[in-house]
Amino acid sequence: MGTRPLCSQLGSGDGAAILVADFQPLTTAPRLSRLINAAATGHPVYQVDPRGALSGDRLYATLPDLAEETAASFRAGGSSAGTDRRVFVVSHCSAAGLSLRIAELLSSDREVTAVLVQPTWPGTEHVAERFAEFQGKLGGGSRPCPDLDGDPWSCIAEMERLMTGDLTELATRLGLGAVPPAFAELRVSYRTWLAFLLACRNDQPAKAPSAAVAVSVLTDEPGFVLPGAAPGRCRITPPPPAERPDAVTPELATAVLAQISSY
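I will try to describe carefully the structure that is included in this document. (Residues numbered from 1 in each chain as written. Predicted model: local features only at pLDDT ≥ 70, side-chain atom pairs only at ≥ 80, totals over all residues. Heavy atoms only, no water.)

As a further point, take the overall build of the protein chain. The helix and strand inventory of the protein chain stands at seven helices and seven strands. Along the protein chain, from the amino end to the carboxyl end, the secondary structure elements read β-β-α-β-α-β-α-β-α-α-α-β-β-α. For the protein chain, the C-alpha radius of gyration of 19 Å lies close to 18 Å, the compact-globule estimate for 263 residues. By its C-alpha atoms, the protein chain is 60 × 35 × 35 Å across when sized along the principal axes. In the protein chain, which comprises 263 residues, the share counted as buried stands at 49%. In the protein chain, the proportion of contacts linking residues at least 24 apart, taken out of those at least 6 apart, comes to 75%. Of the roughly 11800 Å² that the protein chain leaves accessible, carbon and sulfur atoms contribute 55%. (Helix = DSSP H or I, 4+ residues; strand = E, 2+ residues; numbered from the N terminus. Rg over C-alpha atoms; globule rule 2.2 N^0.38 Å. Buried < 20%, exposed > 50% of the residue type's maximum accessible area, 1.4 Å probe, protein only. Contact = heavy atoms within 4.5 Å. Areas by Shrake-Rupley, 256 points an atom, 1.4 Å probe, with all protein chains shown as cover.)

Here you go:
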């Protein structure tokens, strides 16, 4: 099974390129990259999909590797990636660390601004909580999370093994003859989430980008300070009101584009 492209172009235009690192949610909610592409006029928009890059036989990749691959893919994209063009690297929630690394790499030959939307920095507790949450959704027991300090490939493989067992037991309880394909897709979806969160956790402590990268943050976190940076390093703007901090709405996409147009 192959992986999906890490960086793919959604729309074209003559303006500054916009790279959006986001995720396909576990619901029918829209992706921020799709909403930005629908609202962005004259900007080539690229979707950076780290979970898609981990959806095949590739169980794990470090954040630096994912950033290097994204930057290389973008640079190979043709005229819209020209070195004379400004680039905006947008992230949503836990993709913040990856986006900052991508922005740093691209800043070597162009003007780059990172736009972080409700940034989070997943750590050990977050990974363990998501693993327990996924076990619960599969109807499994509360088995301990595999050792996060060991070999990350082995850790993800063990998580997948445990989730496979949970799905097999669930299929048996439902009277199914075999695990249906939809169950296998769910297992891969959960595994890719955990693999990316583990990569974020293993990239800590977070390092702020160099002064060559401008940083704009949309957050409602009081007193937000970019990890590894002095206060005042970022331009901070409150996001539009939403039911949940991680909600993706057309209003949020509009707010991101307003930040972009202000540069």
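Our focus in this paragraph is the environment of glycine 13. Residue position: glycine 13 is located in the loop between β1 (7-11) and β2 (17-21). For the pair formed by glycine 13 and histidine 43, sequence separation is 30 residues and the distance between their alpha carbons is 4.5 Å. Beyond its immediate chain neighbours, meaning those up to four positions away, glycine 13 contacts Gly42, His43, Pro44 and Arg85.

With that settled, the discussion passes to the nonpolar core. Counting residues in hydrophobic clusters, the biggest one holds 61 residues, and the most contacted among them are Leu19 and Leu106. Counting residues per element, this core draws most heavily on helix α6 (residues 181-202), at 10 residues. Counting residues in each nonpolar core, the second largest holds 20 residues, with Leu35, Phe88, Val115 and Leu257 among its members. (Core = buried A, V, L, I, M, F, W, Y, C linked by side-chain atoms within 4.5 Å.)

The omega torsion across glutamine 204 and proline 205 is 0°, close enough to zero to call that bond cis. Phi at cysteine 93 takes a positive value of approximately 55°, unusual for a residue other than glycine. Among the secondary structure elements, cysteine 93 is positioned in the loop between β4 (87-92) and α3 (96-106). Phi is positive for glutamine 118, close to 45°, though the residue is something other than glycine. Of note, glutamine 118 is situated in the loop between β5 (112-117) and α4 (124-137).

Roughly 800 Å³ of internal volume is contained in the largest pocket. In terms of lining, the largest pocket is formed by 31 residues, of which the most central are His92, Cys93, Trp193, Arg244 and Asp246. When residues of the lining of the largest pocket are traced back to their parent elements, those giving at least two are α4 and α6. Sort the elements by how many residues they give to the lining of the largest pocket and α4 lands first, with five residues. Grouping the amino acids of the lining of the largest pocket by side-chain chemistry returns 15 nonpolar, seven polar and nine charged. The volume enclosed by the second largest pocket comes to roughly 360 Å³. Lining the second largest pocket are 25 residues, with Gly97, Leu100, Arg101, Asp203 and Lys207 positioned closest to its centre. Per element, the largest residue contribution to the lining of the second largest pocket is six residues, and it comes from α3. Residues belonging to the lining of the second largest pocket are distributed by class as follows: 15 nonpolar, five polar and five charged. (1 Å grid on protein atoms, 1.4 Å probe; cavity = no way out; pocket = protein on both sides within 12 Å on 5 of 7 lines; lining within 4 Å. Points joined across faces, edges and corners; volume = space filled by probe spheres on them. Nonpolar A, V, L, I, M, F, W, Y, C, P; charged D, E, K, R; others polar.)

With that out of the way, let us pick up the pattern of salt bridges. This model, assessed by the stated rule, comprises 15 salt bridges. Note that arginine 161 is salt-bridged to glutamate 158, the shortest N-O span being 2.8 Å. Of this pair, arginine 161 and glutamate 158 both sit in helix α5 (residues 152-173), separated by three residues, roughly a single helical turn. Looking at arginine 161, the relative accessible area reads 51%, which means it is exposed. The shortest N-O distance in the salt bridge between glutamate 160 and arginine 187 comes to 3.1 Å. (Salt bridge = Lys/Arg side-chain N within 4 Å of Asp/Glu carboxyl O.)

Another aspect to go through is the state of the cysteines. Applying the stated criterion to the full structure yields zero disulfides. Looking at the unpaired cysteine 145, the closest cysteine sulfur is the one in cysteine 155, lying at 5.7 Å. The exposure class of cysteine 145 is partly exposed, given its relative accessible area of 25%. (Disulfide = S-S within 2.5 Å.)

On to the sheet that holds β4. Reading across the sheet, the seven strands line up as β1-β3-β2-β4-β5-β6-β7 and stay open at both edges, with mixed pairing between neighbours. Strands at the two margins of the open sheet, each flanked by one partner only, are β1 and β7 (235-237). Adjacent strand axes in the sheet meet at a mean angle of 20°, parallel and antiparallel pairs treated alike. Two strands pair when backbone bridges link them, and β4 and β5 are joined in this way by six bridges, in the parallel orientation. Across the sheet, residue valine 89 finds its bridge partner in β5, namely alanine 114. (Pairing = 2+ DSSP bridges. Axes fitted to C-alpha atoms, helices over the stretch in contact; angles between N-to-C directions.)

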